Amino acid sequence: RAPLLWNERMKSWLLSRHEDVAFALKNAALFSSSRVQVGGRPRGVFQVESVAELITADPPVHTQMRGLVSRAFTPRQINALEPRVRELSRELIAEMTSRSEFDFMDALASPLPVTIIAEMLGIDPVRRRDFKRWSDTIIAGLIARLPTGEEPEAATRSRAEMRVYMTEVAEARRREPRGDLISLLVQETDGVPALSPQEVNAFTMLLLIAGNETTTNLLGNTLLALIRHPEQYEALRRDPSLAACSAVCEETLRFDSPVLGLSRRTTQEVEVGGGKIPAESMVVLLLGSANHDPRKFPEPERFDPTRDTHGLMSFGHGIHFCLGAPLTRVEAPVALRELMEHVPRLGFSPRQSEHLDYGPTFALRGPRSL
Ligand code: HEM
């Protein structure tokens, strides 16, 4: 009913239909990702100072940056992580189920992605606790900051500590490469230039922000969808194959999108969604809404893992399509499969009832605790 809507509070235009969201994401020249100042502060979903320019850059800078970092995310490298994801999931699940009541987010959904990223990067095992703390405080800071624009002190401190450590690691790997992601990024390979220590730090921070909370939320949303749809839970118990777990995760990405919206800025007047958006306007592309557009996904409110999810908007579309999608597509199904295999039945604790806290931002969606 409202393909194009002005939202006064957000000072943004909202686009809600699948076709229009896809159009905007495909046309980076009309809908720019570069940072904009509205009301004196940067606006945007992922945008935070010191994050690598990648996500907030337009071509040609974006194209070059993407080329530099995408060599660390090839299908071969990501698929090789599967055994480790399985092993870690198993360990976390064993620890979690040693108690009869637990917080799924704290016990599995949150530590799994951040540990895998730390290992991929090659963070020294003795610094992994620090890394997790930096990640947690920086992400919490970002979420707290989205509505107010102010970053909590703990987050500022963590960013400073992380910068010192990552610079040291980047220097060390440049001198003496190991088989990890940072070693790859600080070396020149096949004519692709090396990243500077500052760029390594900024890219690592982007991975933390773009990769951790999102995968954590997907895991939480997946479990929630299964608890709320017992017939689907039963079907998965009957066939807990990796393919069936993947189908459940894909449908959860559509049904309960971990990233609800992306910000863009129009570079000129654009006719879209049955109206006109003036030049230099903020536009929020509602990914969650596009995923529930009945023109694209019939009966969108039905949670149906057997449906065709082709055209899903949850990872974005076009040149900024999520770099980490293949990693999430390994992590989430593998963790779910281990859960199905090792935990006979999961449900709300009596204290949870149905009340869920989703935190203060609408951009990133997932339960705080479960
Ligand atoms: C970009 C969603 C997991 C790294 C994006 C974008 C979306 C997204 C919507 C597009 C942003 C834009 O167009 O402005 C998600 C979701 C995830 C997930 C829903 C999990 C459920 C990950 C993981 C990583 C990652 C695990 C890395 C470890 C990135 C990066 C970009 C990105 C680096 C920027 C790409 C570019 O600008 O070219 N993600 N993401 N994401 N994501 Fe993800």
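Residues numbered from 1 in each chain as written. Predicted model: local features only at pLDDT ≥ 70, side-chain atom pairs only at ≥ 80, totals over all residues. Heavy atoms only, no water.

S.K.: Quick one: what's the story with the sheet that holds strand 2 (residues 12-15), residue by residue and with numbers?
M.R.: Read from one edge to the other, the open sheet built from 5 strands follows the order 1-2-9-6-3, with strand pairing classed as mixed. Two strands in the sheet have a free side with no partner beyond their single neighbour: strand 1 (4-7) and strand 3 (31-32). Where strand 3 meets strand 6 (residues 261-266), 2 bridges bridge the pair, whose relative direction is antiparallel. Paired with Ser32 across the two strands is Arg265, which belongs to strand 6. Against the sheet, helix 1 (residues 18-26) touches strand 2, strand 3, strand 6 and strand 9 (282-286), its axis set at about 125° to strand 9. (Pairing = 2+ DSSP bridges. Helix = DSSP H or I, 4+ residues; strand = E, 2+ residues; numbered from the N terminus. Contact = heavy atoms within 4.5 Å. Axes fitted to C-alpha atoms, helices over the stretch in contact; angles between N-to-C directions.)

S.K.: Hey, could you go over the environment of Glu95 for me, with residue numbers and the actual values?
M.R.: Residue placement: Glu95 occurs in helix 4 (residues 82-96). With 12 residues separating them in the primary sequence, Glu95 and Ala107 have C-alpha atoms 7.9 Å apart.

S.K.: I'd love a proper account of the site of the ligand, names of residues and values included.
M.R.: With respect to spatial proximity, 28 residues lie near the ligand, and among them His62, Arg66, Arg264, His320 and Cys322 are the closest. Contact between the ligand and Ala210: a nitrogen atom at 3.3 Å from a main-chain N or O atom of the residue. The dominant element in the shell around the ligand, judged by the number of residues it contributes, is helix 10 (residues 197-228), at 7 residues. For the shell around the ligand, the per-class residue count stands at 17 nonpolar, 9 polar and 2 charged. (Near = heavy atom within 4 Å. Polar contact = N/O pair within 3.5 Å; in protein donor to acceptor, adjacent residues only side chain to side chain. Nonpolar A, V, L, I, M, F, W, Y, C, P; charged D, E, K, R; others polar.)

S.K.: So what's going on with helix 6 (residues 111-121)? Residues and values would help.
M.R.: In terms of residue burial, helix 6 counts as a mostly covered element, since 9 of its 11 residues are buried. Within helix 6 the residues assigned to the buried category are Pro111, Leu112, Pro113, Val114, Ile116, Ile117, Ala118, Met120 and Leu121. Backbone geometry just after helix 6 places Gly122 at a positive phi near 95°. (Buried < 20%, exposed > 50% of the residue type's maximum accessible area, 1.4 Å probe, protein only.)

S.K.: Break down the coordination of the iron atom of the ligand for me, with residues and values.
M.R.: Within the protein, a single donor atom binds the iron atom of the ligand, namely Cys322 (SG) at 2.3 Å. Tracing the backbone shows Cys322 in the loop between helix 13 (287-290) and helix 14 (325-342). (Donors = N, O, S within 2.8 Å, 3.2 Å for Na, K, Ca; no water.)

S.K.: Residue-level account of helix 14, with values.
M.R.: Between its first and last C-alpha, helix 14 extends 26 Å over 18 residues, near the 26 Å set by a 1.5 Å rise per residue. Most of helix 14 is tucked away: 13 of the 18 residues are buried. (Expected span 1.5 Å × (residues − 1).)

S.K.: With reference to specific residues and values, describe the packing of aromatic side chains.
M.R.: Within the structure shown, the criterion is met by 5 aromatic pairs. Above the face of the Phe297 ring, Arg254 is positioned so that its terminal group lies 5.6 Å from the ring centre. Looking at Arg365, its charged tip hangs above the ring of Tyr358, at a distance of 4.2 Å from the centre. (Phe/Tyr/Trp six-rings, centres within 6.5 Å; stacked < 30°, edge-to-face > 60°. Lys NZ or Arg CZ within 6 Å of the ring centre and 35° of its normal.)

S.K.: Outline the state of the cysteines, listing residues and values.
M.R.: One pass over the full model with this rule turns up 0 disulfides. Cysteine Cys245 remains unbridged, with the sulfur of Cys249 as its closest cysteine sulfur at 6.8 Å. (Disulfide = S-S within 2.5 Å.)

S.K.: Any details on the pairing of strand 2? Residues and values, ideally.
M.R.: Neither face of strand 2 is open: one carries Ser12 and Leu14, the other Trp13 and Leu15, and all of them are buried. With 4 bridges joining them, strand 1 and strand 2 adopt antiparallel strand pairing. Within strand 2, the residue paired with Trp6 across the bridge is Trp13. Hairpin connection, strand 1 to strand 2: the antiparallel pair is bridged by 4 residues, and Lys11 has positive phi, about 50°. As paired strands, strand 2 and strand 9 are joined by 3 bridges and run parallel to one another.

S.K.: Tell me what's going on with the nonpolar core, and back it up with residues and numbers.
M.R.: Residues Phe73, Phe104, Phe131, Phe203, Leu336 and Leu339 are the most contacted members of the largest nonpolar core, which totals 79 residues. If near-sequence neighbours (up to four positions away) are discounted, Leu339 is found in contact with Ile93, Met96, Phe104, Leu108, Leu223 and Leu346. (Core = buried A, V, L, I, M, F, W, Y, C linked by side-chain atoms within 4.5 Å.)

S.K.: An account of the pattern of salt bridges is needed here, citing residue identities and associated values.
M.R.: Using the criterion set out here, one finds 27 salt bridges in the structure. Residue Arg84 pairs with Glu91 through a salt bridge whose shortest N-O separation is 4.0 Å. With relative accessibility at 24%, the residue Arg84 sits in the partly exposed group. Relative accessible area serves as the criterion here: at 44%, Glu91 is assigned to the partly exposed category. Put simply, Arg90 and Glu338 hold a salt bridge, and the shortest N to O gap is 2.8 Å. One end of the pair, Arg90, is in helix 4; the other, Glu338, is in helix 14, with 248 residues separating them in the sequence. Three or more residues are tied together by salt bridges with common partners; here these are Arg84, Glu87, Glu91, Glu119 and Arg128. (Salt bridge = Lys/Arg side-chain N within 4 Å of Asp/Glu carboxyl O.)

S.K.: A description of the packing of helix 8 (residues 153-175) against helix 10 should follow, citing residues and the corresponding values.
M.R.: At a minimum axis separation of 8 Å, helix 8 and helix 10 run at an interaxial angle of 125°. As the angle between them shows, helix 8 and helix 10 are arranged oblique. When you trace helix 8 past helix 10, the crossing you get is right-handed. Listed contacts from helix 10 to Arg159, Met162, Arg163, Met166, Thr167, Ala170 and Glu171 of helix 8 are Pro197, Val200, Asn201, Thr204, Met205 and Leu208. Considered class by class, the residues forming the contact of helix 8 with helix 10 number 7 nonpolar, 3 polar and 3 charged. (Parallel < 35°, antiparallel > 145°, perpendicular 65-115°, else oblique. Left-handed = near helix turned anticlockwise from the far one by under 90°.)

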